[in-house]
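Topology and contacts: notes
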Amino acid sequence: MQKDIAPTSLEPLAQLLSQVDCKGFLPELQTCLESYFAGIDLVLCRFHRLRSPEILLHNLNHQQEAKTLHPYCAGMYQLDPFYQHWLNHPTTGVFRLDDIAPSEFRRSEYFLTYYTGLGLHDELMCFFSPNTNTTLAFSFGFYQPPLHPDGRLLSEKMAYLFPLLQALLEKHHWQPAGDDGAGFEEFMDERLSEREQQVARLFLQGHSAPAIADLLCISPGTVKNHRKNIYGKLAINSQAELFQLFLRQLGVE
C-alpha cells in the first residue's frame, strides 16, 4: 500500500461518528471528506430505478449546480454510465468512470457536449447499501485539475476509507425517499418502434453497434438497419442530432 493512501488522522472520522444520529451528520460528512481530499467536489444522491435521483448533499457552487445537477436530474442521468452500471449491477463499491463506461462513451454526444463541458476531472462513484430499487450514490471529482497527477490515487484512497464510510452511512437514520420526484423518462418517440427506441437509447449511452448487438442478442447488421430506420423516421443524419432531440424532449437545452 502506498504510504499516502492512509489518512494522517482519524479525527474527521471520529467526529463524523459522533454525529451519526444527528441532524448535523451530512454537513459533518462533507467536512470529513473535504479534509481527506483537498479541493474535492462531491455530490451525494439517492438513485432510484423508476424515477429521477434525489440530491441529498453537494458542495458545488451555484453555477456548477445549475450547469450540472439540474440537467442531470431532469433526465441526463439516464445516459450516465454510473447510473446504468447500478441498474445492471446493484452492488457496493468504488468505481472509476473508465472502468465501467461503454467502449464508445468518450465519443458519445453525451460525453462530448455535456460531460466535457463540466470540466470534471477524475470522477469516481461509490455505491453504498444498494438494493434492487434504490442506492446511495456518492460522486467525487475535481472541477479544477487535482493537486496530485495520479488519477488513481483518488480511487485508492476512497477504497481505503470505503468500509468505514459504509458502516457510518448504514448507521445513520435516513429520511424516507420523497414521493414528488419526476418519473423515469426514456427516449420515446411514437415514430419509433419499441426496439428502435431501445437501440437509440443504447447509442446515446455510448455503446458501439457490436456492443448493442451483444446486449440485445441481434446481429451487428440488424443494429445498423435499426440505426438507419431511426435516422430516417426522425429526419436526422447523425448521433449529434439524435442527442439534440433527446435534450429537447427533456427540456434542458
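For the structure itself, look to the data block above.
An account of the accompanying structure is given in this report. Sequence order as written defines the numbering, with residues in each chain counted from 1. Side-chain atom pairs in this predicted model are given and counted only at pLDDT of 80 or more, local residue features only at pLDDT of at least 70, and totals for whole chains, interfaces and linings cover all residues. Heavy atoms throughout the structure, all of them, feed into the side-chain values; hydrogens and water do not.

1. Brief notes about the overall build of the protein chain
Stated formally: By definition, any uninterrupted DSSP run of H or I lasting at least four residues is a helix, any uninterrupted run of E lasting at least two residues is a strand, and each is numbered from the N terminus. For the radius of gyration, the atom set is restricted to C-alpha positions; the globular benchmark scales as 2.2 Å times the number of residues to the power 0.38. Relative accessible area decides the class of each residue, using a 1.4 Å probe on protein chains only: under 20% of the type maximum gives buried, over 50% gives exposed, and in between gives partly exposed. Whether two residues are in contact is decided by their heavy atoms: any pair within 4.5 Å suffices. To measure how exposed things are, a 1.4 Å probe is used in the Shrake-Rupley method; for residues, cover is taken only from the protein chains shown. Working convention for charge: Lys and Arg count positive, Asp and Glu count negative, and His plus the chain ends are omitted. Charged side chains are reduced to one point each, which is NZ for Lys, CZ for Arg, CG for Asp and CD for Glu.
Along the protein chain, the regular secondary structure elements total eleven helices and five strands. Its C-alpha atoms give the protein chain a radius of gyration of 20 Å, within 12% of the compact-globule value 18 Å for 253 residues. The C-alpha extent of the protein chain, read off along each of the three principal axes, is 60 × 40 × 35 Å. Evaluated residue by residue, the protein chain yields a buried proportion of 48% over its 253 residues. Long-range contacts, defined here as pairs at least 24 residues apart, represent 67% of the contacts in the protein chain between residues at least 6 apart. Surface exposure of the protein chain reaches about 12,800 Å², of which carbon and sulfur atoms provide 52%. For the protein chain, the separation between the mean place of its 20 positive charges and that of its 29 negative charges on side chains is 6 Å.

2. Description of the side chain of Asn59
Keep this limit in mind: Pairs of N or O atoms within 3.5 Å make up the polar contacts considered here, provided that, within protein, one atom can donate a hydrogen while the other can accept it, and that residues adjacent in sequence are counted only when both atoms are side-chain atoms.
Along the chain, the position of Asn59 falls in the loop between β2 (54-58) and α3 (62-74). A polar contact of 2.8 Å, which involves the side chain of Asn59, links it to the side chain of Glu34. A distance of 3.0 Å separates a polar side-chain atom of Asn59 from the backbone oxygen of Ile40. In contact with Asn59, other than residues within four places in its own chain, are Gln30, Glu34, Ile40, Asp41 and Leu42.

3. Structural notes on the sheet that holds strand β1 (residues 41-48)
Here is the rule: We treat two strands as partners when DSSP finds at least two bridges between them. Geometry is summarised by axes, namely lines fitted to C-alpha atoms with helices restricted to the contacting stretch, and by angles between N-to-C directions that run from 0 to 180 degrees.
Spatial strand order, β2-β1-β5-β4-β3: five strands in an open sheet with antiparallel pairing. Both edges of this open sheet fall to β2 and β3 (93-96), since each of them pairs with a single strand only. In this sheet, adjacent strand axes meet at a mean angle of 20° when their direction is disregarded. Bridge count for strand β4 (residues 121-128) against strand β5 (residues 134-142) is six bridges, and the pairing is antiparallel. Each bridged residue has a counterpart across the sheet, and for Cys126 the counterpart in β5 is Phe138. Running at roughly 155° to β2, α3 makes contact with β1 and β2 of the sheet.

4. What about the side chain of Gln166?
Assignment of secondary structure puts Gln166 in helix α7 (residues 152-171). For Gln166, the contacting residues outside a window of four places in its chain are Thr92, Phe128 and Ser129.

5. Some thoughts on the nonpolar core
Condition: Nonpolar core, defined: a set of buried Ala, Val, Leu, Ile, Met, Phe, Trp, Tyr and Cys residues in which side-chain atoms within 4.5 Å join the residues together.
Membership of the largest hydrophobic core comes to 49 residues, with the highest contact counts inside it found for Phe47, Tyr72, Met76, Tyr110, Phe127, Ile230 and Phe243. The element contributing the most residues to this core is helix α11 (residues 239-250), with six residues. Those residues within four positions of Met76 in sequence are excluded, and the remaining contacts are Pro71, Tyr110, Tyr114, Phe243, Phe246, Leu247 and Leu250. Counting residues in hydrophobic clusters, the runner-up holds 28 residues, among them Leu29, Leu124, Leu154 and Phe162.

6. Section: the packing of aromatic side chains
Under the convention used in this document: Stacked, tilted and edge-to-face are the three classes applied to pairs of Phe, Tyr and Trp rings, where Trp contributes its six-membered ring and a pair requires centres within 6.5 Å; stacked means planes under 30 degrees apart, edge-to-face means over 60, and tilted covers the rest.
Applying the stated criterion across every chain, the model contains 17 aromatic pairs. Taking 5.1 Å as the distance between ring centres and 85° as the angle between the ring planes, the aromatic pair formed by Phe47 and Tyr83 counts as edge-to-face. With Phe47 in strand β1 and Tyr83 in helix α4 (residues 81-88), this residue pair connects regions lying 36 residues apart in the sequence. Classification of Phe47 by relative accessible area gives buried; the value is 0%. The buried category is assigned to Tyr83, whose relative accessible area is 0%. When the ring of Phe105 is compared with that of Phe111, the centres are 5.4 Å apart and the planes differ by 65°; the resulting orientation is edge-to-face. By the burial criterion, Phe105 is buried, and Phe111 matches it.

7. Re the packing of helix α8 (residues 194-205) against α11
Convention followed: Note on angle classes: values under 35 degrees are labelled roughly parallel, values over 145 roughly antiparallel, values of 65 to 115 roughly perpendicular, and the remainder oblique. Gly is placed with the polar residues, together with every amino acid not listed as nonpolar (Ala, Val, Leu, Ile, Met, Phe, Trp, Tyr, Cys and Pro) or charged (Asp, Glu, Lys and Arg).
Direction vectors running N to C along α8 and α11 enclose 105°, while the axes themselves pass 10 Å from each other. When the axis of α8 is compared with that of α11, the two are roughly perpendicular. Between α8 and α11, the residues in contact are Ala200, Phe203 and Leu204 and Gln239, Leu242, Phe243 and Phe246, respectively. Residue composition of the contact of α8 with α11, grouped by class: six nonpolar, one polar and no charged.

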